[in-house]
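# Descriptive analysis of the structure
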Amino acid sequence: MSVMVLMGSLELGLIYAIMALGVFISFRTLNMPDLSVDGSFVLGAAVSVVMSLNGHPFLGLGAAFIAGCGAGAITALLHTKLKIQPLLAGILTMLALYSVNLKVMGGRANIPLINKITVFSPFEEILRDYNKLGFSLAVLLLILFLLFLFLKTRLGFVLRATGDNDAMVRALGVNTDSIILVGLALSNGLVGVAGALIAQSQSFVDVGMGIGMVVIGLASVIIGEVVFGVSSLLRRLMAVILGSILYRLIIAFALELGMPPTDLKLVSAVIVAIAMAMPVFKKRLSVVKRKMSKTPHERSK
Amino acid sequence: MLRVESLSKIFSKGSTNEKLALRDVNLSLGEGEFVTIIGGNGAGKSTLMNCISGVYEIDNGRITLDSTDITFEPEYKRSRHIGRVFQDPLRGTAHDMTIEENLSIAFAKGKSVGLQAGVSKKDINLFKERLQLLDLGLENRLKHKVGLLSGGQRQALTLLMATIIKPRLLLLDEHTAALDPTIARKVLSLTRKIVSEENLCTLMITHNMKASLEYGTRTIMMHEGQIMMDLQGQERKDMTVDRLIEQFEKRSGAELDNDRMLLG
């Protein structure tokens, strides 16, 4: 693998880590599978590109966060107020966002962002070729820091407890509906920021760029957990980031091997399926081991 | 002070499985009264508790707590004045969080939930003090995850969490039923200690007839969604388990079929 490819993977890994942190909040902290991610990713990208075209790239990043929060809030309301299952609520939001995203993009399926000022432009002089990497890293570290602090506040505690045991949280006088709202909004807000940075980095937004994002986010979370552990909160968050980078390296490796880029979604799905099935594999393996160790004993009888 | 007036609860209303779980229940608890509830399976004990705590919406009646009508308040709002311990030790605590984090959430009951620090130094000293009362050595394990604790330890912790902000009413739903006898006795005596020290208005469901007479100041027996017997004062003091069973069979016209209740 060339240095170019490694740097590219690292850069993408850092940006997608922001999305993975969002997915971590919904899947792990709230224990809710939220599929609106596929839509809110593009929403963030679309909002940010449109804002950049109008000369406000940094404002666009903030707007992408807020737009993502809005999308997450809709999913949360569908689930908590209308009692729609979390999976379906997410799918509904994702579907609706497809139309919304096209509206944001003025009816076009693809908007290029060439020769416009992006969020990376101001750093070109200082960081040269590393401007994208440097700025993405800075945004990621800021988000990591704020998220870590947030999860240590009273609201953060209650958010974590809601995913763990919502009956307990209600028994302690907190409205879990509003906690789910905050959690999903925050989660999708981060996903929106990641979408915005990806669009800025690749200089275009495409209405189909969100397909499979939730799976990629989940893959990062799980790879991180398996490889780097879950012993403390900070470690868990770091593991998500490292998982995202590792995932990009795996993909880059697959491409190096000559796999066509169109097969990547298949690879992602297989990675997540294997990672999710780990507990089953481990159990089977231990049963097989016990059987094997039992045989000589029985023979001696 | 709790007041339940003509409370009715029907499950699966309108279907063939319709079940009248509570029929016209009236119950009134005075300041600091500690009531134990006994009854067979399906008698409506847990349903009564879930109606009071707001888990179930009721079909008829009124519930008042300290002269506030809470009949239509959502569960989480009532919980600010009601402490609860469930039968399942897993339900009362967040297993992936530490002891001090769990206690902090409990200690924030009724306060605003915002971006203030989750745990403060000042609170930790108070937590240690309270945990010492449990006599389980938990005061030295504040940073341990609750998932590492035994069922009994978790129930004791839940009891502490339910009462760390003094509730107007404490609801205990067979909170020792899933524990082994030794630790169950310990949690029960702890319950008695906390209830009497804080002078808490308490409802405790138990499957153990002996415990129902031994603990608390009043015992009610439920059968088929109604309160069948209400023992207090001298009548309760003179009551024995054998006579309680005899009374039950006479009044209900049914035989007591619950081995768990008899053997407990």
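The notes below deal with the structure included here.

Counting its secondary structure elements, chain B contains 10 helices and 10 strands. On the principal axes, the C-alpha backbone points of chain B span a range of 60 × 40 × 35 Å. Here chain B holds 264 residues, and the buried ones make up 52% of them. Looking at chain B alone, contacts between residues at least 24 apart form 68% of all its contacts between residues at least 6 apart. As displayed, chain B has an accessible area near 12,200 Å², and 47% of this comes from carbon and sulfur atoms. Measuring between centres, the 36 positive side-chain charges of chain B sit 5 Å from its 35 negative side-chain charges.

Turning our eyes to something else, we now look at the side chain of Arg160 of chain A. Mapped onto the secondary structure, Arg160 of chain A falls in helix 7 (residues 154–164). Overall, Arg160 of chain A belongs to the buried group, its relative accessible area being 14%. Once residues lying within four places of it in the same chain are set aside, the contact partners of Arg160 of chain A are Thr29, Leu151 and Leu233 of chain A together with Met97 and Glu101 of chain B.

Further remarks concern helix 4 (residues 86–104) of chain A. Residue and element names in this part refer to chain A. Over its 19 residues, helix 4 runs 26 Å from end to end, which matches the ideal 27 Å to within 8%, given 1.5 Å per residue. The sharpest bend along helix 4 reaches about 30 degrees and sits at Tyr98. Residues of helix 4 that are buried include every one of Ala89, Gly90, Thr93, Leu97 and Asn101, and no others. As for helix 4, its buried residues are in contact with helix 2 (37–53) and helix 3 (57–80).

Counted according to the given criterion, the structure contains 6 aromatic pairs over all chains. Note on Phe123 of chain A and Phe135 of chain A: the rings are 5.0 Å apart at their centroids and 25 degrees apart in plane angle, and the pair reads as stacked. Highlighted residues: Phe123 of chain A in the loop between strand 1 (110–112) and helix 5 (124–127) and Phe135 of chain A in helix 6 (residues 131–151), separated in sequence by 12 residues. Given the relative accessible area of 24%, Phe123 of chain A is considered partly exposed. Among the aromatic residues, those joined into a cluster by ring pairs are Phe58, Phe120, Phe123 and Phe135 of chain A. Seen from the ring of Phe86 of chain B, Arg91 of chain B lies directly overhead, with NZ or CZ sitting 4.1 Å from the centre. The lysine or arginine in question, Lys111 of chain B, covers the ring of Phe107 of chain B, its NZ or CZ lying 4.1 Å from the ring centre.

A few words on the pairing of strand 9 (residues 218–223) of chain B. Residues and elements named next belong to chain B. Within strand 9, 6 of the 6 residues are buried, which leaves it mostly tucked inside the rest of the structure. Residue alternation in strand 9 divides its side chains into two sets, Arg218, Ile220 and Met222 and Thr219, Met221 and His223, and both sets are buried. Summarising the sheet, strand 9 and strand 10 (residues 226–232) pair through 6 bridges and their orientation is antiparallel. For Met222, the partnering residue across the bridge sits in strand 10 and is Ile227. With antiparallel pairing between neighbouring strands as the criterion, strand 9 and strand 10 make up a hairpin whose turn holds 2 residues, including Glu224 at a positive phi of roughly 45 degrees.

Residue and element names in this part refer to chain B. Reading across the sheet, the 6 strands line up as 6-7-8-3-9-10 and stay open at both edges, with mixed pairing between neighbours. Here the strands that pair on one side only, and so sit at the sheet edges, are strand 6 (82–85) and strand 10. Recorded for the sheet is a direction-independent mean angle of 20 degrees between the axes of neighbouring strands. Here 5 bridges tie strand 3 (residues 34–39) to strand 9, and the two strands are oriented parallel to one another.

At a minimum axis distance of 10 Å, the contact between helix 7 of chain A and helix 3 (residues 99–107) of chain B shows a crossing angle of 105 degrees. On the basis of their axis angle, the class for helix 7 of chain A and helix 3 of chain B is roughly perpendicular. When helix 7 of chain A is examined against helix 3 of chain B, the residues Phe157, Val158, Arg160 and Ala161 of chain A are found in contact with a partner set consisting of Glu101, Ser104 and Ile105 of chain B.

Below, the discussion takes up the interface of chain A and chain B. Taken residue by residue, the interface counts 22 residues in chain A and 33 residues in chain B. In this assembly, chain A packs against chain B so that about 2,300 Å² is buried in total across both faces, 61% of it on carbon and sulfur atoms. It is Arg154, Phe157 and Leu172 of chain A in chain A that bury the most area against chain B; as a group they hold 31% of the surface buried on that side. For the pair chain A and chain B, the interface holds 3 salt bridges. For the salt bridge of Glu101 of chain B with Arg160 of chain A, the shortest nitrogen-to-oxygen distance reads 3.1 Å. Taken together, the links from chain A to chain B amount to 15 residue pairs in polar contact (both at pLDDT 80 or more). Among the elements of the structure, helix 7 and helix 8 (166–171) of chain A are those that each provide at least two residues to the side of chain A that touches chain B. Tallying contributions element by element places helix 7 of chain A first for the side of chain A that touches chain B, with 7 residues. Its residues assigned to classes, the side of chain A that touches chain B shows 11 nonpolar, 5 polar and 6 charged.

Here we come to a nonpolar patch on the surface. Residue and element names in this part refer to chain A. Residues Leu266, Val270, Ile274, Met278 and Phe281 make up a contiguous nonpolar surface patch of roughly 460 Å² in combined accessible area. Locating Phe281 in the fold gives a position in helix 12 (residues 264–300). By relative accessible area, Phe281 is classed as partly exposed at 47%.

This paragraph deals with the sheet that holds strand 2 (residues 19–29) of chain B. Residues and elements named next belong to chain B. Spatially, the 4 strands line up as an open sheet ordered 2-1-4-5, and their pairing is antiparallel. Each edge of the open sheet carries a strand with a single partner, namely strand 2 and strand 5 (68–69). Note that strand 4 (residues 60–65) and strand 5 share 2 bridges and pair antiparallel. Bridging across to strand 5, Thr64 finds its partner in Asp69. Docked against the sheet, helix 1 (residues 45–53) engages strand 1 (2–11), strand 2 and strand 4, running at close to 115 degrees with respect to strand 1.

Conventions we followed
Residues numbered from 1 in each chain as written. Chains lettered and ligands numbered in written order. Predicted model: local features only at pLDDT ≥ 70, side-chain atom pairs only at ≥ 80, totals over all residues. Heavy atoms only, no water. Helix = DSSP H or I, 4+ residues; strand = E, 2+ residues; numbered from the N terminus. Buried < 20%, exposed > 50% of the residue type's maximum accessible area, 1.4 Å probe, protein only. Contact = heavy atoms within 4.5 Å. Areas by Shrake-Rupley, 256 points an atom, 1.4 Å probe, with all protein chains shown as cover. Lys, Arg positive; Asp, Glu negative; His and termini not counted. Charge placed at Lys NZ, Arg CZ, Asp CG, Glu CD. Expected span 1.5 Å × (residues − 1). Bend = angle between axes of the 7 residues up to and from the residue. Phe/Tyr/Trp six-rings, centres within 6.5 Å; stacked < 30°, edge-to-face > 60°. Lys NZ or Arg CZ within 6 Å of the ring centre and 35° of its normal. Pairing = 2+ DSSP bridges. Axes fitted to C-alpha atoms, helices over the stretch in contact; angles between N-to-C directions. Parallel < 35°, antiparallel > 145°, perpendicular 65-115°, else oblique. Buried area = accessible area lost by both parts, 1.4 Å probe. Salt bridge = Lys/Arg side-chain N within 4 Å of Asp/Glu carboxyl O. Polar contact = N/O pair within 3.5 Å; in protein donor to acceptor, adjacent residues only side chain to side chain. Nonpolar A, V, L, I, M, F, W, Y, C, P; charged D, E, K, R; others polar. Patch = residues over 30% accessible without salt bridge, like charges linked within 9 Å, V, L, I, M, F, W, Y side chains within 5 Å.

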